[in-house]
Amino acid sequence: MSVTYKFPHDSPIRYLPLVYMLPYDLLVRCPTLRKLPRSMGALNTSEWGEVIGSAAFYNEIMDAVASLAFPHFGFGGWKEHYTGWCPVWRLSYALPLWAKGVERVRGWGLQALFALPPNYEIPFFDPEDVKAVMAEVVQQTIEEQGWGPMLEVVREMPCDEDFEKWDTNVRKDFLRKWYHTRSKRVQTVSLEECMEDEDSKIHSLPAPEGDFTGQVEGEDFCQRFKATLSEKDMAILELRVEGHTFGEIADRLGYKTHSAVVKRMEAIKKRFIQYENETGR
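Since the model is a prediction, treat every value here as computed from it, not as a measurement.

K.L.:
Honestly, the overall build of the protein chain in this entry has me stumped. Any pointers?
P.N.:
A count of helices and strands for the protein chain gives 16 helices and zero strands. In the protein chain, the share of contacts with a sequence separation of at least 24, taken over all contacts with a separation of at least 6, comes to 67%.

Set out below in structure tokens:
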């Protein structure tokens, strides 16, 4: 007669099957998870119970499984290219849904895990098999949860700065006025055009704190930062202003892949933060 194991709904133990599904190269980057024994008999001690109930266990399995889920949403790059302010990044952390989906697709859940012989050494899953399982799980979950329309909206706003919480008004103003990207169906203009056009409504907008002096200083700061960029970096940002995708920019500027453009964008953002810190903004 089969035994049904029951645990509290919020117990982290329900994520154990996901831990043992992690490919080796991902597991070794998780200091808490990689210490867990790979047999149910060895795991059945109070010591490991405390580990499974710890915040480190929960945080590491959340990050690891999110990195497996994110690529299957159909967005460029990988999870680390985005921030917690991007909706797709947040969806990739839907851990209860991934646990449920893996059990549905693969039959790999708590019941299967605890049905193993106590001394059975759980082997590592094949990375390609894990990838295929997660692809199916993510697609099924998108349909089940009705996320499709929302994901389409996010795709029309491909600039991940839209979802980032920037710490300073100068940085937010720089992104909003210069290379903030929207759908191609929306007309965009450069910062220079806004500043040169006397009829532009930008001149009638108050500064965030109502301080006109601060607004002028912020615009001057942006101009000085732009002067530090290389010609190619300037070209990348200007093409983003026009609404081009990373792939289109790569083709236009002669990069072999769009990932090279993504890396340049990341480098430019880091350069801006460094410049801001060096100038005391």
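K.L.:
What am I meant to see in the packing of helix α5 (residues 55–69) against helix α9 (residues 127–145) here?
P.N.:
Two numbers describe a pair of packed helices, the interaxial angle and the distance between the axes. It is at 9 Å that the axes of α5 and α9 come closest, and there the two elements cross at 80°. Judged by the inter-axis angle, α5 sits roughly perpendicular to α9. Here Val65, Leu68 and Ala69 of α5 come into contact with α9, specifically with Val130, Met134 and Val138. Grouping the constituent residues of the contact of α5 with α9 by class yields six nonpolar, no polar and no charged.

K.L.:
Help me understand the pattern of salt bridges, please; the structure alone is not making it clear to me.
P.N.:
Pairs can form between side chains of opposite charge once their charged atoms are near each other. For the coordinates displayed, the defined rule picks out three salt bridges. The closest approach of N and O atoms between Glu144 and Arg104, which form a salt bridge, is 3.5 Å. Placement of the pair is Glu144 in helix α9 and Arg104 in helix α7 (residues 95–106), with a sequence separation of 40 residues. A salt bridge links Arg106 to Asp129, with the nearest nitrogen and oxygen atoms 2.5 Å apart. Of this pair, Arg106 sits in helix α7 while Asp129 sits in helix α9, and the two are 23 residues apart along the sequence. The class for Arg106 is partly exposed, based on a relative accessible area of 40%. Judged by its relative accessible area of 27%, Asp129 falls in the partly exposed class.

K.L.:
Would you mind going over the nonpolar core with me for this structure?
P.N.:
A general trend in soluble globular proteins is that nonpolar side chains are found buried together. Membership of the largest hydrophobic core comes to 52 residues, with the highest contact counts inside it found for Ile61, Phe73 and Trp98. Ranked by the residues each element gives to this core, the list is headed by α5, at eight residues. Ignoring sequence-local partners within four residues, the contact set of Phe73 consists of Val88, Leu91, Ser92, Trp98, Val138, Ile142, Trp147, Leu151 and Arg155. Ile236, Leu239, Phe246 and Phe272 belong to the second largest nonpolar core, which has 15 residues in total.

K.L.:
Please explain the environment of Leu239 as it appears in this structure.
P.N.:
Tracing the chain through its elements places Leu239 in helix α14 (residues 231–241). Put simply, Leu239 and Leu253 are 14 residues apart on the chain and 9.9 Å apart in space, counted from C-alpha to C-alpha. Discounting residues that sit within four places of it in the chain, Leu239 has contacts with His244, Ile249, Arg252 and Leu253.

K.L.:
Just checking my understanding: could you explain α7 for this structure?
P.N.:
Turn by turn, an α-helix covers 3.6 residues, leaving residues three or four places apart pointing in a common direction. Relative to the 16 Å expected for 12 residues at 1.5 Å per residue, α7 spans 16 Å between its end C-alpha atoms, a close match to the ideal helical length. The complete set of buried residues in α7 reads Leu95, Trp98, Ala99, Gly101 and Val102. Here the buried residues of α7 occupy an arc of 170° about the axis, which is enough to place them on one side. Looking at the packing, one finds that the buried side of α7 touches α1 (16–21), α5, α6 (87–91) and α9. At the C-terminal side of α7, Gly107 shows a positive phi close to 75°.

K.L.:
So what exactly am I meant to see when it comes to the packing of aromatic side chains here?
P.N.:
The relative placement of two aromatic rings is captured by the distance of their centres and the angle of their planes. Taken as a whole and judged by the stated rule, the model has seven aromatic pairs. Residues Trp89 and Tyr93 carry aromatic rings whose centres are separated by 4.4 Å and whose planes lie at 35° to one another, so their mutual orientation is tilted. Overall, Tyr93 belongs to the buried group, its relative accessible area being 15%. Ring centres of Trp108 and Phe125 lie 5.5 Å apart, and the angle between their planes is 50°; this geometry places the pair in the tilted category. Separated by 17 residues along the polypeptide, Trp108 in the loop between α7 and α8 (110–114) and Phe125 in the loop between α8 and α9 bring together distant segments of the chain. Relative accessible area serves as the criterion here: at 12%, Trp108 is assigned to the buried category.

Cut-offs used in this document
- Per chain, residue numbering runs from 1 following the sequence as it is written.
- Whole-chain, interface and lining totals are the exception, using all residues; otherwise, since this is a predicted model, local features are given only for residues with pLDDT of at least 70 and side-chain atom pairs are given and counted only at 80 or more.
- The basis for the side-chain values is all heavy atoms of the structure; hydrogens and waters are excluded.
- Helix numbering and strand numbering both begin at the N terminus, where a helix is a DSSP run of H or I of at least 4 residues and a strand a DSSP run of E of at least 2.
- Contacts are assigned to residue pairs that have any heavy atoms within 4.5 Å of one another.
- Axis lines are fitted through C-alpha atoms, for helices just across the contact stretch, and the angle between N-to-C directions can take any value from 0 to 180 degrees.
- Relative orientations are named as follows: roughly parallel for angles under 35 degrees, roughly antiparallel for angles over 145 degrees, roughly perpendicular for angles from 65 to 115 degrees, and oblique for any other angle.
- Lys, Arg, Asp and Glu make up the charged group, whereas Ala, Val, Leu, Ile, Met, Phe, Trp, Tyr, Cys and Pro make up the nonpolar group; the residues left over, Gly among them, are polar.
- Throughout this description, the term salt bridge denotes a Lys or Arg side-chain nitrogen within 4 Å of a carboxyl oxygen of Asp or Glu.
- Partly exposed residues are those whose accessible area sits between 20% and 50% of the maximum for their type, while under 20% is buried and over 50% is exposed, using a 1.4 Å probe and protein chains only.
- We define a nonpolar core as any set of buried Ala, Val, Leu, Ile, Met, Phe, Trp, Tyr and Cys residues linked to one another through side-chain atoms lying within 4.5 Å.
- Take the residue count of a helix, subtract one, and multiply by 1.5 Å to get its expected span.
- Taken from the helix axis, the directions to the C-beta atoms give the arc we talk about.
- Geometry of aromatic contacts follows a simple scheme: Phe, Tyr and Trp rings, the Trp one being its six-membered ring, pair when their centres are within 6.5 Å, and the pair is stacked under 30 degrees between planes, edge-to-face over 60, tilted otherwise.

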